[in-house]
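Listed below, chain by chain, are the residues.
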Amino acid sequence: PEPELGVTLEDFLSAAIEFSPTLKMAEESLNIGSSRKKQASGRLLPQVTAKGSRSDNRRRDASDLVTTFDGERYSVQLTQVLFNWQAFTARSQASFIENQLEAEYYGALANLLTEVAENYFNVLQAEDALDSIASELEAVNNQLDQIQNLYDRQLVQITDLYQVQASAAAVEAEQLKLETDLALNQEALYSVSGMTAGDLLGMRDNATVPPLQNSINYWVNQAKENNHQIEAQEYAVQAANKRISERKGAYMPQVNFVAQVQQTNLGFDNRFIDQNDISYLAIDVTIPLYAGGSNRAAVSEAASQHRMAQSELQIVELEATQRVRSSYLQVAAAENFIAAARKLLESATLSSTAMQQGFNLGTVTSVDVLNALRDQFRAQRDLQTARYDHVKFLVLLKREAGLLSAEDMVEVSSWLESPN
């Protein structure tokens, strides 16, 4: 079937959640964690088993007397754990692992939302750049027509004509490059969402992106509290600590309550006896004495795993902090650059207009006009890039701080509008 066409950011976000193999793997990992927790909890609940057997028996005694009979044995047994330190800590460990996998799932979801938004805006940026280069090429071709007309009347030198032709060729080459960039960005958006880009909504000229709030230390602290990767690794450390306790539980006794009801006509060595109904209650105590050093080695292994988990937590915290600081500085820089880029575009546009008028009056050369046109459209594309980068860095900052939500993506979508 043909891939579905997407238009709004919500289209691609919804499609990506249904499509993403990475998110599906994270979801199944969470399901596995939940199942393992239930398994660990189930071992502490009453265990009931039923057994039954029926046999044909033939017995020959010392006087060669042969007897045959049908043997039957039926029983129901209930076992309840009273004390088993390993089982208790295994349940706690499974609970921490489930929490770890849940944090990893929401981290994968936040990564997916960020990736979709980034690719969506990359496509918009490429489309706007392509529109800009098309306008620039049209302006340069108009200048070429004007120079060609003047050259035909022998009012300019051949070098002026060559200069404009070279500029037009350079703009055409840049246009081909931007067309390739657009195709690559569209493919990246498709690969993450399984949806083909249609006529995407563009960013509104009057879109008000909220200014950056609070200090960089505030965002770092938010990441330490809410970042999904840090949260997942903290649960991993707690699970590793419980694993040490579980391994130490091998030195402790195990106590079980046992209740059984049995009906049989078989005695020792399957001797025939009268029908018996037997029931008993018992406390079963198992005390480990010596296991060849395997328990000590298991505790040592668990302690090393715990220290490794602590080191991994430090690494995750350092990396998350670095990403938050980087994103914060990029958002702040984008805000400042947008204001500067607007002024530069206004100045470049006025300069280009003035140069064209000066050329018509014969006070400037065609090279001056071409340079002014190049600066004008370059400033236009720089402003477009800054606006899109501002949004992408802001979404990235919220993701790294663990604050990215569906409401944030709805707000981002409100900054878009149909190009028609």
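Since this is a predicted model, take the numbers as computed values, not measurements. (Residues numbered from 1 in each chain as written. Predicted model: local features only at pLDDT ≥ 70, side-chain atom pairs only at ≥ 80, totals over all residues. Heavy atoms only, no water.)

S.K.: How should the packing of aromatic side chains be read in this particular structure?
M.R.: Note on aromatic pairs: each is described by the distance of the centres and the angle between the planes. The final tally for this structure, using the stated rule, is seven aromatic pairs. A centroid spacing of 5.9 Å and a plane angle of 50° characterise the contact between Phe121 and Tyr388, whose relative ring orientation is tilted. Note that Phe121 is positioned in helix H3 (residues 85–152) and Tyr388 in helix H8 (residues 366–400), a separation of 267 residues in sequence. Ring geometry for Tyr218 against Trp219: centres 5.7 Å apart, planes inclined by 85°, an arrangement best described as edge-to-face. Relative accessible area serves as the criterion here: at 32%, Tyr218 is assigned to the partly exposed category. Among the aromatic side chains, those forming a connected cluster through ring pairs are Phe12, Tyr120, Phe121 and Tyr388. (Phe/Tyr/Trp six-rings, centres within 6.5 Å; stacked < 30°, edge-to-face > 60°. Helix = DSSP H or I, 4+ residues; strand = E, 2+ residues; numbered from the N terminus. Buried < 20%, exposed > 50% of the residue type's maximum accessible area, 1.4 Å probe, protein only.)

S.K.: Whenever I open this one, empty space enclosed by the protein confuses me. Can you help?
M.R.: The method is simple in principle: a probe with the dimensions of a water molecule rolls over the atoms, and the space it marks as empty is what remains. Applying the stated criterion to the full structure yields one cavity of 30 Å³ or more. One number sums up the size of the largest cavity: a volume of about 80 Å³. Together, Val391, Leu394, Val395, Lys398, Leu404, Asp408, Met409, Glu411, Val412 and Trp415 line the largest cavity. The residue makeup of the lining of the largest cavity, split by class, is seven nonpolar, no polar and three charged. (1 Å grid on protein atoms, 1.4 Å probe; cavity = no way out; pocket = protein on both sides within 12 Å on 5 of 7 lines; lining within 4 Å. Points joined across faces, edges and corners; volume = space filled by probe spheres on them. Nonpolar A, V, L, I, M, F, W, Y, C, P; charged D, E, K, R; others polar.)

S.K.: It is not clear to me how the packing of H3 against helix H6 (residues 228–248) should be interpreted in this structure. Could you clarify?
M.R.: Contact geometry for H3 and H6: axes closest at 8 Å, N-to-C directions at 165°. Classified by the angle between their axes, H3 and H6 sit roughly antiparallel to one another. Read as a crossing pair, H3 and H6 show a hand that is left-handed. For the contact of H3 with H6, the per-class residue count stands at 11 nonpolar, 10 polar and five charged. (Axes fitted to C-alpha atoms, helices over the stretch in contact; angles between N-to-C directions. Parallel < 35°, antiparallel > 145°, perpendicular 65-115°, else oblique. Left-handed = near helix turned anticlockwise from the far one by under 90°.)

S.K.: So what exactly am I meant to see when it comes to the pattern of salt bridges here?
M.R.: When the charged atoms of two side chains with opposite charge come close together, those side chains can pair. Applying the stated criterion across every chain, the model contains 12 salt bridges. Glu400 serves as the salt-bridge partner of Arg323, at 2.8 Å between the closest nitrogen and oxygen. Of the two residues, Arg323 is situated in helix H7 (residues 294–361) and Glu400 in helix H8; the sequence distance between them amounts to 77 residues. Looking at Arg323, the relative accessible area reads 24%, which means it is partly exposed. (Salt bridge = Lys/Arg side-chain N within 4 Å of Asp/Glu carboxyl O.)

S.K.: What exactly am I supposed to notice about the sheet that holds strand E7 (residues 272–286) here?
M.R.: Picture the strands of a sheet paired through backbone hydrogen bonds; they go either parallel or antiparallel. Across the sheet, four strands lie side by side as E2-E3-E6-E7; this open sheet has antiparallel pairing. A single partner strand is all that each edge strand has here, and the edge strands are strand E2 (47–60) and E7. Across the sheet, the mean angle from the axis of one strand to that of its neighbour is 15°, orientation sign disregarded. As defined by bridge partners, strand E6 (residues 254–266) adjoins E7 across 12 bridges and the pair is classed as antiparallel. In the sheet register, Thr264 faces E7, and the bridge partner there is Asn276. (Pairing = 2+ DSSP bridges.)

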